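# Descriptive analysis of the structure
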There are 2 protein chains.
Amino acid sequence: MNQEHLVIIGGVAAGTKCAVKARRENPDLKITVYTDGEHVSYSACGLPYFIEGLFDNYERLLVKSIKDFKEKDNINMHVLHRAIKINPDLNSIDIKNLNTDEIFEVKYDKLLIATGARVFVPQIEGVDLKNIFTLRTVADGIAIKNQVEKSEKAVIIGAGLIGLEVAEAFKKRGLDVTVIEKENQIINQIDSEIAEQIKEYCEKQGIKFILGTSANQFSGINGRVTSVLLSNGESIDTDMVLMSIGVRPNSEIAKEAGIDVGKTGAIRVNYRMQTNISNIYAAGDCVEQINLINGEPIWVPLGSTANKQGRVAALNIVGQHAEFKGVLGSFVTRVFDFTISKTGLSEKEVKALNYDYETIITKHRDRAGYMPNAAQITIKLIAQRPSGKILGAQVIGEGDADKRVNVVATAITSKMTIDEFLDIDITYAPPYSPAIDPILKSAQAIENKLKVCKC
Amino acid sequence: MNQEHLVIIGGVAAGTKCAVKARRENPDLKITVYTDGEHVSYSACGLPYFIEGLFDNYERLLVKSIKDFKEKDNINMHVLHRAIKINPDLNSIDIKNLNTDEIFEVKYDKLLIATGARVFVPQIEGVDLKNIFTLRTVADGIAIKNQVEKSEKAVIIGAGLIGLEVAEAFKKRGLDVTVIEKENQIINQIDSEIAEQIKEYCEKQGIKFILGTSANQFSGINGRVTSVLLSNGESIDTDMVLMSIGVRPNSEIAKEAGIDVGKTGAIRVNYRMQTNISNIYAAGDCVEQINLINGEPIWVPLGSTANKQGRVAALNIVGQHAEFKGVLGSFVTRVFDFTISKTGLSEKEVKALNYDYETIITKHRDRAGYMPNAAQITIKLIAQRPSGKILGAQVIGEGDADKRVNVVATAITSKMTIDEFLDIDITYAPPYSPAIDPILKSAQAIENKLKVCKC
C-alpha cells in the first residue's frame, strides 16, 4: 500500500499546526511542508516586541526548528520553496526552489493551502527606496530592527494594530515617530469615540498622528528614503518608513486552480476547512471565516484563528470530524500600558447591518478603588433591540480590559442576551475587580436602556 | 395615600445596594435601613488589604457615607440598631437601639432581610482571651491592624481564603505566621493536588502550615493569649490569633418569624429574592443560592453575589420583574503574587454527585514565552461524560489565571460543552496569551480524552 501524502504549502501558523496535529493523529502519514520564507513556525505577532528590544535573539520567536520537525515529528520542511501552481486534476503541485530556480512537481493525496497573507503596498512613487519596510516575516523584523539602530525618525503609514504596536517599539527605541492614516480615526475596526481616547493616550506617550491623509510620494537621497510627501501637501523628513496599510490574502494560487475565493478575496472553505475541491483544504490567513453574529463571510486574519484552523484541518485530513464555526473578530493589543480590545461588532458595523440596537459607554476602575494599582477602563457595549442579544464590546484602558472582552466573546458565542449575561457568576476579589465587575455594571446600564420602550 | 415603607435590616452590601437601587427606581418610597454594626456600605473583602497596609485610612473601604445616603438618596440609615424580632402578622419589626437598649417597633410594607453572616467561633477553652480575633467588620479590621503593630507572632486558625489573605497581610507586616487547618489540605473548595501547589508557594513566602490539626485550647497571661494548644499535642506561642474557620448565615431572626430556612442553614428565597412570606425579601450572605450546575441549594456567601441580589430584590420590591438565577461558586483571591481561582464544581464535588466525568491538569505560560513577564498557570478542567458539558475549572498560578476562569464561568452559565467551547473566539496578542490560549489548550486536551471510549 502506498503511503498517503499530505502536502502543506505555508510553514508559519496554520501550516505547521496542521502538520504536527496530523502527525500526532496518524503516525503513518507522509507529511511535507513547502514555504517560500526563510523561517518556519514563528510568531509573527511577536515581531514588534523583538523590534522594541524586549528580547534580542529572533530565534525566540521560532516555535519549533526545522530539525525538530524532522527528528521529532518526521515532517519534511522545505524553506525557500514556493508553490507556483496547483494541478487539482493531477493531484499535484508545482514547486519552485528559490535557491536554484528549479521547478518540480509533487504529488499529493491531500493538500493544505496555508499561504497566509501579505502586506499591501500601494504603488506610490518612490516606494522601492531603501528603508521603506513592511513587517510580516522574521527577515522583515531583523531588517527593521537593524535600521532602527541607525535612525532618529520614522514614519508609519497606517494606524492599525500593527502600525501602533510598531509605533510604540520605535518610540521606546528613541525614535521620533509620526503615524499617517488615511481615515479620520485610528484603528478602523473600532468606533471613532473609542479610537479617539486611544489616540489621545498615544499622543501623551509622544506619538504624532496625521489623520485623513495618505502618502503620495517618497523622496530619497542615494536610494534611501529621506521624506514622505502627504496628500495634504505636507512633507515629513524621515530615516525610515513602515508601510502598514493593511494585508491581503495569498489566495491567487488557489483561485488559478479553480478553488473558490469569496467576496473578501480569501479562500472559501466549509466548517471542516475543506475547499470546493474535496482533497484540498485551506487554513489560516489565506481563508475567509464566517462571522458568528450574522453568518456572513468575513476576513479577520489572526494567529490564534490560524492555529485553531490548522488543528481542525488536520483532524479532518486524517479522517476524523472537526469543525471551525467562525469568528467574532475578537482582538487585543497593548500600546505602552494601554490595552485595546474588541469582540463582535462595532456600532458602525451594526449600523451598516441596519440592526436596531442600543449602546452605552461606561468608565470604571478595573478593581476595588482602594487597591493601589486600580486603573481605568472604558467599556462600549452594544446589544440588539428588542431581544437584548449582545452584539459587541470594545474595552480599552490602562486597567485590565482584556479579561472583560473575553467574557463577552464567550457570551456572544452562546448567543446570550444582556438579561442572561447579568446572571454570569464571574469572580470577585478586590485585587481583580470591584464588587460588581465593570462588564456587569455596563450590562446593567444597557439593560436599563433596553427596558425603556422606543415606541 | 400613605407613603409605602421599605425597611431593610443590614447595611453592608445587599442591604445598601437594594436601598439605593429601590430609590433610583422609585423616588416616592420611604426607605429605612437598620444595621447592628458601626459602619455601613463597606467592602469587607478589602479588610485584609487594610491590615496589610496597602492603604491607611479605613474610610477608603466605605463605599458611601451615612450622610450621603441621607442627603443624596433620602435613605435613613441607623447604625447600632439591631433587629431582634420580625412580626409578619403585624408587618412590623422590633428594633433595639444598641446605644440606649431601647426597643421599638417599626411598621413596614416591604421588608428586606440582609443580615449577612458571622464568623463561626467554636467554644474552645480560652477563646475569650484578648487578641483572639475574627475578621468580618471594619471594627474587627481596625482592632487587628492595631494589634499587628504590637505583635511578632500570629496564629491563624483555618486555611480558607480569608485565612490565607490575612496570612499574607501578617507576613508582609513582618509577623511570624502559622496557619492551622483541621483538614489535610488548605482551601477546601478546591481539589487537594491544586491546593498542594498553593501551599508550597505560600511556604516559599514564609508561611507555616500545620494541617490535619485543630486548636484545642488557648492559654494566656494577664488575659491576653500567649499560646495555642493543638489537637496533635503541639503548643505554639503567639501574640495574636485569627479565628477563620468559617462563617454561618445570620438567619435565626428569619427562622423564628416562620420564614423558610434551607438545609444549608441560610434563608430560602425564590428567583425574585422573595421568602415564603410575600412582602418579605432576603438577599446577600444570609440567603442560600441555587447551584446553576445541578439545581441544588448551595450557600456561597460573597460580596459580588450580595450586590447582584440586592439589585434584583430592589427591582422586585418596586414592582418590576428581575431574577437572580444562581451561582457557580466562582471565586478568586490573590496570595502574594499567586492567583487562586475556581468556577463550578471541583473533582471531589463531582464525585460526590456520582457524575461520570473526565478531568485534566495542564501547565502553561500565561502569555507568549518570549514576553518578559510570562508566568506560569495551572489549569484543572472538569467535563461530564459523555456529553462533554463543562462542570468546573480551577486556575492558579503567578500568571493571569482569573481571566481564564471567568471565560469558563461564562461558558458554564450557557451550559456549553467542551466541543462548543473550542469555538470561542477569545483575544490573542503576545502580551496577553500564547497563540492558543491556555484555557483552549486545556479544552483541546480534555476533548482528546473525552473522545476515547471508556467502554
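One can find the structure itself at the top, above this paragraph.
Structure report, in brief. Please read these numbers as outputs of a predicted model, since none were measured by experiment. (Residues numbered from 1 in each chain as written. Chains lettered and ligands numbered in written order. Predicted model: local features only at pLDDT ≥ 70, side-chain atom pairs only at ≥ 80, totals over all residues. Heavy atoms only, no water.)

### Section: the pattern of salt bridges
Evaluated as defined, the whole model comprises 54 salt bridges over all chains. A salt bridge links Arg367 of chain A to Asp366 of chain A; its shortest N-O distance comes to 2.8 Å. The exposure class of Asp366 of chain A is buried, given its relative accessible area of 1%. Among the salt bridges present, the one from Lys21 of chain B reaches Glu25 of chain B, with a minimum N-O distance of 3.1 Å. Taken together, the residues Lys21 of chain B and Glu25 of chain B, both in helix H1 (residues 14-25) and four residues apart, mark about one turn of the helix. With relative accessibility at 28%, the residue Glu25 of chain B sits in the partly exposed group. Taken together, the salt bridges that share partners define one network made up of Asp191, Glu193, Glu347 and Lys380 of chain A. (Salt bridge = Lys/Arg side-chain N within 4 Å of Asp/Glu carboxyl O. Buried < 20%, exposed > 50% of the residue type's maximum accessible area, 1.4 Å probe, protein only. Helix = DSSP H or I, 4+ residues; strand = E, 2+ residues; numbered from the N terminus.)

### Quick look at the interface of chain A and chain B
Taken together, the contact pairs 67 residues of chain A with 67 residues of chain B. For the pair chain A and chain B, the interface holds four salt bridges. Across the chain A-chain B interface, the total number found is 27 residue pairs in polar contact (both at pLDDT 80 or more). For the side of chain A that touches chain B, the secondary structure elements donating two or more residues are helix H1 (14-25), helix H8 (303-317), strand S21 (331-335), strand S22 (338-344), helix H10 (402-413) and helix H12 (438-451) of chain A. Broken down by element, the side of chain A that touches chain B gets its largest block of residues, nine residues, from H10 of chain A. For the side of chain A that touches chain B, a count of residues per class yields 31 nonpolar, 20 polar and 16 charged. (Contact = heavy atoms within 4.5 Å. Polar contact = N/O pair within 3.5 Å; in protein donor to acceptor, adjacent residues only side chain to side chain. Nonpolar A, V, L, I, M, F, W, Y, C, P; charged D, E, K, R; others polar.)

### Topic: the packing of H10 of chain A against helix H10 (residues 402-413) of chain B
Where H10 of chain A contacts H10 of chain B, the two axes come as close as 9 Å, and the packing angle between them is 20°. Classified by the angle their axes make, H10 of chain A and H10 of chain B are roughly parallel. Of the two possible hands of crossing, H10 of chain A and H10 of chain B adopt the one that is right-handed. Where H10 of chain A abuts H10 of chain B, its residues Asp402, Lys403, Asn406, Val407, Thr410 and Ala411 of chain A lie against Asp402, Lys403, Asn406, Val407, Thr410 and Ala411 of chain B. Classifying every residue of the contact of H10 of chain A with H10 of chain B gives four nonpolar, four polar and four charged. (Axes fitted to C-alpha atoms, helices over the stretch in contact; angles between N-to-C directions. Parallel < 35°, antiparallel > 145°, perpendicular 65-115°, else oblique. Left-handed = near helix turned anticlockwise from the far one by under 90°.)

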